[in-house]
Each structure stands twice: as structure tokens, then as C-alpha cells.
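Residue strings, one per chain:
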Amino acid sequence: MPASTDIAPRASYPAQLLAIFGGALAQLVRTPSHSRRAEAARKLARHSLWLSAAGAALIIVLMVAFDGTEIQLMPARGTPALWPIRILTDFGQDEYVLSVLGVALVVVALVAAGLHGARRVLLLGLGTRLQFLFLSVALSVFAGEILKYLIGRGRPFVGGKADPFNFIPFEGTGAYASLPSGHAITAFALAFAVSTLWPRLRVFMFTYAVVIILTRLVLLAHHPSDVTAGALVGMIGAMAVRYWFAARRLAFAIRADGTIVPLPGPLPGRLKRVARGASAP
């Protein structure tokens, strides 16, 4: 979200809120201005190419040598004792993750519209970072849905047997939407995006992502190659969104060698003071 708006402090609350939403959209579509964006684009292209090549090779190896064996080792689908896994796997559901991030964005906008000065700037800085998280997940999931439709891979045991080469491209049903895994896309896009903003959370976030893909395997929702492909799509998608933000000087800076680094963000203590100020009579 924009760090500031041009609306006068005495403007009505609806006008302030409208300015915040308009500014949030405008900052995302404005012309890139960072002088080092070309270096960052080249670095993104190199990293994406190497990651895609290594990921594709791993996916092929898993598909040929491991997928069929792995799904036969898992508990039968519908096993009652797996109910905790069914609950845990929902933490990687894209609808839930995007809903939480979307609600957080709306709450930030509603509160910021009633603030002025440094408190508003501080809260809108958090809003910009929430935009980055939301778009990292949303655009990665969108790309994944297109790939699912184009590839049309059957989920484990669809058709009655453990066939990792069960493909019906353009089939478009849930039974043939196994590659890539949507939960893996969501989990790894979110893990990468959060880690780039707050590096201290990297271990926690990628542990979360690994747990989510393990639940998909145990529940026989996906093959190992499906979750590997999902992790690949999620990380590359988040990397592309990070470049988009950095090129517009939003939440990220670009070093001379093209490395994208997070800008200092709102600190928890300051955010608590903003929240107390917003709720004060």
C-alpha cells in the first residue's frame, strides 16, 4: 500500500479510504523506476532458469523411479486415523491462505484511513508487504491452475491402479489436476515470500511448507513429483512478484549486483503502539 496519500487530513473517512485503495493499486502498476532493475531482471532470469532445469530433472526422475512406489507405501485413502493430517493439510489451502491475507489487507486499509502522519505511513508500510505476500501466492496459484489444466495428470490411483503416467491433458476435472500440487504452490510461495521479507522466519516457514507437502503425500492427494513441481512453481512465482515490487521500490531494494533485499519494515513494538493509538478514545 502507498506510504502516503495526497488527501488532506480533514477529508472525510470514505475519501481517505478510497485514496488508500486507489494508491495501493496505482503503486503496483506504475512504471518501474529503480536504476538497477535490469541487473535484478538478469539475476531473476538466471536463477529461474537454473531452478527450472534442476526441478524438471528431479520431477522426471521422481516420476520414472519413485512415484509409483511411494504411493503404494501410503495408508489407504480415507483411513480414519488420518484425521489430524486432514486438518493440518488445510493450512496449505490457497483459499484459506488468500482469505487471511485479504482480510488483513482490508483491516490495514480500514485502520490506516483513520490515521495521519507517521502512524499512517507505518501501517501502510505493513500493507505493502501484505500486498506482496498476497500477490506472491495468488499469481503462483493462478499459474499452477493453468498448468494443471494443460497437463491433466491423474491423481494417485485414479483409474484404479498406481499409474504415474496417467495423463489426460485439458480434461479439467479435480481427478486430473494432480500436477502441480496447489497446496505445494501455496505453501512454498508463502514460505519464500515471508522469508524474503523477514529472513529470521526462513526456517519456520520452510518447515511449514515441507509439512504441507508431506500431508499431501500421506493423504494420497499427490505424487512426489507433483509436490516437487508445486514447490518449484510457488518459488519462481514469488521470485517474479518480488522483482516486480523491487523494480518499483516497494518493500525491497536492489543492490549493485542485482541482489534484491528487503527494506526495513514496521517493527512489532511500533505496530502495537499504532494499534493502541487507533483504538484510543
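Scroll up to find the structure.
No experiment lies behind these values; they were computed from the predicted model shown.

Parameters and conventions
Residues numbered from 1 in each chain as written. Predicted model: local features only at pLDDT ≥ 70, side-chain atom pairs only at ≥ 80, totals over all residues. Heavy atoms only, no water. Patch = residues over 30% accessible without salt bridge, like charges linked within 9 Å, V, L, I, M, F, W, Y side chains within 5 Å. Areas by Shrake-Rupley, 256 points an atom, 1.4 Å probe, with all protein chains shown as cover. Salt bridge = Lys/Arg side-chain N within 4 Å of Asp/Glu carboxyl O. Helix = DSSP H or I, 4+ residues; strand = E, 2+ residues; numbered from the N terminus. Buried < 20%, exposed > 50% of the residue type's maximum accessible area, 1.4 Å probe, protein only. Contact = heavy atoms within 4.5 Å. Expected span 1.5 Å × (residues − 1). Phe/Tyr/Trp six-rings, centres within 6.5 Å; stacked < 30°, edge-to-face > 60°. Lys NZ or Arg CZ within 6 Å of the ring centre and 35° of its normal. Axes fitted to C-alpha atoms, helices over the stretch in contact; angles between N-to-C directions. Parallel < 35°, antiparallel > 145°, perpendicular 65-115°, else oblique. Left-handed = near helix turned anticlockwise from the far one by under 90°. Nonpolar A, V, L, I, M, F, W, Y, C, P; charged D, E, K, R; others polar.

Chemist: Explain a nonpolar patch on the surface to me, please; I cannot follow it from the model alone.
Modeler: Together, Phe142, Ile146, Leu147, Tyr149, Leu150 and Phe170 give the surface a local cluster of nonpolar side chains, amounting to about 590 Å² of exposed area. Structurally, leucine 150 can be placed in helix α6 (residues 117-151).

Chemist: How should the side chain of serine 140 be read in this particular structure?
Modeler: Mapped onto the fold, serine 140 is located in helix α6. Look at serine 140 and you get buried, because its relative accessible area is 1%. Ignoring sequence-local partners within four residues, the contact set of serine 140 consists of Leu135, Ile185, Ala189, Val233, Gly234, Gly237 and Ala238.

Chemist: Would you mind showing me how to read the pattern of salt bridges here?
Modeler: Opposite charge on two side chains allows them to pair when their charged atoms are near. Enumeration over the complete set of coordinates arrives at three salt bridges. One salt bridge connects aspartate 67 with arginine 153, and the closest N-O pair in it is separated by 2.9 Å. Taken together, the positions of aspartate 67 in helix α3 (residues 67-73) and arginine 153 in the loop between α6 and α7 (182-197) put the pair 86 residues apart, joining distant regions of the chain. Side by side, aspartate 67 and arginine 153 carry an identical accessibility label, which is buried. Put simply, Asp67, Arg153 and Asp226 are held in one network by salt bridges that share partners.

Chemist: Explain helix α2 (residues 37-65) to me, please; I cannot follow it from the model alone.
Modeler: The first and last C-alpha atoms of α2 sit 41 Å apart over 29 residues, in line with the 42 Å expected at 1.5 Å per residue. All of the buried residues along α2 are Ala40, Lys43, Leu44, Ser48, Gly55, Ile59, Leu62 and Met63.

Chemist: What's the story with the environment of tyrosine 13 in this structure? I'm lost.
Modeler: Here tyrosine 13 is to be found in helix α1 (residues 13-29). Sequence-wise, tyrosine 13 and glycine 114 are 101 residues apart; in three dimensions their C-alpha atoms are separated by 6.6 Å. Leaving out residues up to four positions away in the same chain, tyrosine 13 has contacts with Leu110, Ala113 and Gly114.

Chemist: Please explain the packing of aromatic side chains as it appears in this structure.
Modeler: The geometry of an aromatic ring pair comes down to the distance between the two centres and the angle between the two planes. Within this structure, the stated rule accounts for four aromatic pairs. An aromatic cluster is defined as three or more aromatic residues linked by ring pairs; in this entry it consists of Phe132, Phe245 and Phe252. The ring centre of tryptophan 244 lies 3.6 Å from the NZ or CZ of arginine 248, which sits over that ring.

Chemist: Mind showing me how you'd approach the packing of helix α5 (residues 94-112) against α6 here?
Modeler: Any two packed helices are characterised by how steeply their axes cross, that is the angle between the axes, and by the distance between the axes. Put simply, α5 and α6 touch, their axes get as near as 9 Å, and they point 160° apart. By the criterion of interaxial angle, the relationship of α5 to α6 is roughly antiparallel. You can see that α5 and α6 cross each other, and the crossing is left-handed. Listed contacts from α6 to Asp94, Val97, Leu98, Leu101, Gly102, Ala104, Leu105, Val108, Val111 and Ala112 of α5 are Arg120, Leu123, Leu124, Leu126, Gly127, Leu130, Gln131, Leu133, Phe134, Val137, Ala138 and Val141. Here the residues of the contact of α5 with α6 sort into 17 nonpolar, three polar and two charged.

Chemist: Please explain α6 as it appears in this structure.
Modeler: Three or four residues apart is the spacing at which side chains of an α-helix point the same way, because the helix has 3.6 residues per turn. With 35 residues, α6 ought to run about 51 Å at 1.5 Å a step, and its terminal C-alpha atoms sit 51 Å apart, in line with that. Just past α6, the residue glycine 152 takes up positive phi, approximately 60°.

Chemist: Whenever I open this one, the side chain of aspartate 67 confuses me. Can you help?
Modeler: When its relative accessible area of 0% is taken as the criterion, aspartate 67 is described as buried. With sequence-adjacent residues up to four places away left out, aspartate 67 is seen in contact with Leu62, Arg153, Pro164, His223, Pro224 and Ser225.

Chemist: Quick question: what am I supposed to make of the packing of α7 against helix α9 (residues 224-247) here?
Modeler: In contact at an axis separation of 7 Å, α7 and α9 are set at 40° when each is read in the N-to-C sense. Taken together, the axes of α7 and α9 lie oblique to each other. Here α7 and α9 pass one another in a crossing that is right-handed. Note on element contacts: α9 touches α7 through Val227, Gly230, Ala231, Val233, Gly234, Met235, Ala238, Met239 and Arg242, opposite Ala184, Ile185, Phe188, Ala189, Phe192, Ala193 and Thr196. Broken down by class, the residue content of the contact of α7 with α9 amounts to twelve nonpolar, three polar and one charged.

By themselves these figures say nothing about function.
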